[in-house]
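Listed below are the residues making up each chain.
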Amino acid sequence: MSRLVVISNRVAVPKARGAAGAQGGLAGALNAALRKNGGIWFGWSGQETDSFTGAIDRQTSDDGVTTATIDLEHRDIEEYYNGYANSTLWPLFHYRTDLTEHERQFGKGYERVNELFASAVRPLIEPDDVVWVHDYHFMPLGDRLREKGVTNRLGFFLHIPWPPTNLLLSLPYHERLVRTLLQYDLIGFQNDTWLASFLHYCENELGASIDREKGSVELDGRTTIARAYPIGIDYDHFMAKGETGDARQAQQRLMSSVRHRTAMIGVDRLDYSKGLPERLDGIARFFDRHPERTKDLVFIQIAPPSREDIESYQNIRETLEAKAGQINGARSDVDRTPVRYVNKGYSQEELFGFYRACKIGLVTPLRDGMNLVAKEYVAAQDPDDPGVLILSRFAGAAQQMQDALLVNPHSPDDIAHHIRLALDMPLDERKARHEKLIVTVREDNVLRWTDNIIGDLEGLAR
Ligand code: F6P
């Protein structure tokens, strides 16, 4: 088994408070991979420094995961993280051309930070290591490592969607970006849809030869493997959290506050891609159509703030505060509010308890690479009396989770209709759906995901 060098923008060891799901799936997944293979996890500390010295901070967590992080200068954070990664690539790759910013400085900052990361991590790479790079922050990193003489097997995994070719063409220098990506030996996507869009681009815009059976792209004499590897949750680890006193207390706390009412839950980073205003519109539509049921239902939305320096994120927060306020203003009574909107993160134990206490899980992103909250919600259910998952058909997870109630997250009517179906669903049907969903959640877990990708990388000739 090869040692791993994992590189991602965010490095998060388990002690950090906040759900793996709500933080993004990446943190939980990579901890699991490193616990198993050993190695090092390299990334940004999340801290700012006046002047980058090249200093690397190494730490080993209680679980034995070693991290190595660097601080970034203010201009780098602005242009690379807030800029190109989260104001250009993130919106574009989530099909939001209306929010995509094309600033020259952002692109330059992105290139500069990728170069800086390559130089900083280079000395940590040993000859037999498998190097595994994550996400849209680091598409050119493999190319920069090759320039520095790295001949190791290099893998890349994209945690977010890959956009249709017509959208990607709106990105200046799109061709350069995709060509650098092809310096990796293996590129993984969350599902077949994102993979198909990527292959379409390579074939039609770069003139690459594609072997769809093998999952390979050949360009200028170089072959790159491109396949779908749907990420899962760290199932056993998560289930163990459910056995703790904290999980049980959280479940009790929520149930006693809800009393006889049915609780629905949503857990998402506060991000415009998650479809939160549309979700609240769907709930308001349900209340409008069924006023007699308003007093029987409570919706809990947990939404830890995210990327707060970016205007589009500040805007979505204001929109949500206004919508939650409107719904509650019109429908609350002295002893009840239909929507509880909470801007903070919870531990995985607490989230397990909350999921279990809620008879409906609402996961309705407008576009999402995968979405692990959907999988965590299913895992946390009582198999003898499971809740119902309402899932956006535009979440990557929908491909594997066809037994959820699949909805169009843009349509308040569709969301309202499915809330009613979920509320009225007989126990037999809930159990039958849950029995099928739990199979993919349990079997297609994060350890299998890691093994598949690392196994494929190790199997490649060097
Ligand atoms: O899953 C996508 C992702 O961007 C991860 O790379 C990241 O860890 C997570 O969402 C949270 O975003 P951020 O690191 O910008 O807070």
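Values in this document were obtained by computation on a predicted structure and should not be read as measured data. (Residues numbered from 1 in each chain as written. Predicted model: local features only at pLDDT ≥ 70, side-chain atom pairs only at ≥ 80, totals over all residues.)

This next bit is on the overall build of the chain. Helix and strand content of the chain: 17 helices and 16 strands. Relative to the compact-globule value of 23 Å for 462 residues, the chain shows a C-alpha radius of gyration of 22 Å, a close match. If one aligns the C-alpha atoms of the chain with their principal axes, the spans along those axes are about 65 × 50 × 40 Å. Within the chain, buried positions represent 50% of all 462 residues. In the chain, once contacts between residues fewer than 6 apart in sequence are set aside, the share between residues at least 24 apart is 77%. (Helix = DSSP H or I, 4+ residues; strand = E, 2+ residues; numbered from the N terminus. Rg over C-alpha atoms; globule rule 2.2 N^0.38 Å. Buried ≥ 20, exposed ≤ 12 C-beta atoms within 10 Å, placed from the backbone. Contact = placed C-beta atoms within 7 Å.)

Attention now moves to the pairing of strand β2 (residues 39–49). Note that strand β1 (residues 4–10) and β2 share five bridges and pair parallel. Bridged to L4 within β2 is G39. Relative to strand β4 (residues 66–73), β2 runs parallel, the two sharing seven bridges. Note on β4: the bridge partner recorded for G43 is T69. (Pairing = 2+ DSSP bridges.)

This paragraph deals with the environment of Q400. Of note, Q400 is situated in the loop between β15 (388–392) and β16 (405–407). In this structure, the C-alpha to C-alpha distance between Q400 and N191, residues 209 residues apart in sequence, is 9.1 Å. Those residues within four positions of Q400 in sequence are excluded, and the remaining contacts are P230, T440 and D444.

What follows concerns the sheet that holds β15. Two strands in a sheet stick together by hydrogen bonds in their backbones, pointing the same way (parallel) or opposite ways (antiparallel). The strand order across the open sheet built from six strands is β13-β12-β11-β14-β15-β16, with neighbouring strands paired in parallel fashion. Of all strands in the sheet, those with a lone pairing partner are β13 (339–342) and β16, marking the two edges. Put simply, the sheet's adjacent strands are angled 20 degrees from each other on average, direction ignored. With respect to the sheet, helix α15 (residues 412–423) is in contact with β11 (262–267), β14 (360–363), β15 and β16, its orientation differing from that of β16 by roughly 170 degrees. (Axes fitted to C-alpha atoms, helices over the stretch in contact; angles between N-to-C directions.)

A word on the nonpolar core. If you look at the biggest cluster of nonpolar residues, it comprises 141 residues, and the most contacted ones within it are V6, I7, A374, L389, I390 and L391. Residue contributions to this core peak at nine residues, all from helix α3 (residues 74–93). (Core = buried A, V, L, I, M, F, W, Y, C linked by C-beta atoms within 7 Å.)

Considered domain by domain, the chain is made up of domain 1 (4–232 + 446–459) and domain 2 (235–443). Each of domain 1 and domain 2 was reduced to a C-alpha centroid, and the two centroids are 29 Å apart. Taken together, the contact between domain 1 and domain 2 spans 25 residues of the former and 29 residues of the latter. Secondary structure elements with two or more residues in the side of domain 1 that touches domain 2: α1 (20–23) and α3. (Domains from an automatic or database assignment.)

Bringing the environment of V131 into the picture now. For V131, the location among the structural elements is in strand β5 (residues 130–134). In the structure, V131 is positioned 129 residues away from S2 in sequence and 9.7 Å away in space, judged by C-alpha atoms. Each residue touching V131, except ones within four places of it in the same chain, is listed here: V5, I7, I125, L145, N152, R153 and L154.

It is worth spelling out the packing of helix α10 (residues 245–258) against helix α13 (residues 348–357) at this point. Direction vectors running N to C along α10 and α13 enclose 40 degrees, while the axes themselves pass 7 Å from each other. When the interaxial angle is binned, α10 and α13 end up oblique. Note on packing geometry: the crossing formed by α10 with α13 is right-handed. Listed contacts from α13 to D246, A247, R248, Q249, A250, Q251, L254 and M255 of α10 are E349, E350, F352, G353, F354, R356 and A357. Each residue belonging to the contact of α10 with α13 can be placed in one class, and the counts come to seven nonpolar, three polar and five charged. (Parallel < 35°, antiparallel > 145°, perpendicular 65-115°, else oblique. Left-handed = near helix turned anticlockwise from the far one by under 90°. Nonpolar A, V, L, I, M, F, W, Y, C, P; charged D, E, K, R; others polar.)

Phi is positive for Y95, which is not a glycine, with a value near 65 degrees. Along the polypeptide, Y95 turns up in the loop between α3 and α4 (104–121). Backbone geometry places R259, a non-glycine residue, at a positive phi of 55 degrees. Its location among the elements puts R259 in the loop between α10 and β11. Assessed through the 10 C-beta atoms surrounding it within 10 Å, R259 is described here as exposed.

Looking at the chain as a whole, the pLDDT averages 94, with 97% of positions reaching at least 70. Across the chain, the secondary-structure element scoring lowest on mean pLDDT is α1, at 42, and the one scoring highest is β15, at 99. Prediction confidence for the complex, expressed as pTM and ipTM, is 0.95 and 0.94 respectively. (pLDDT = per-residue confidence, 0-100.)

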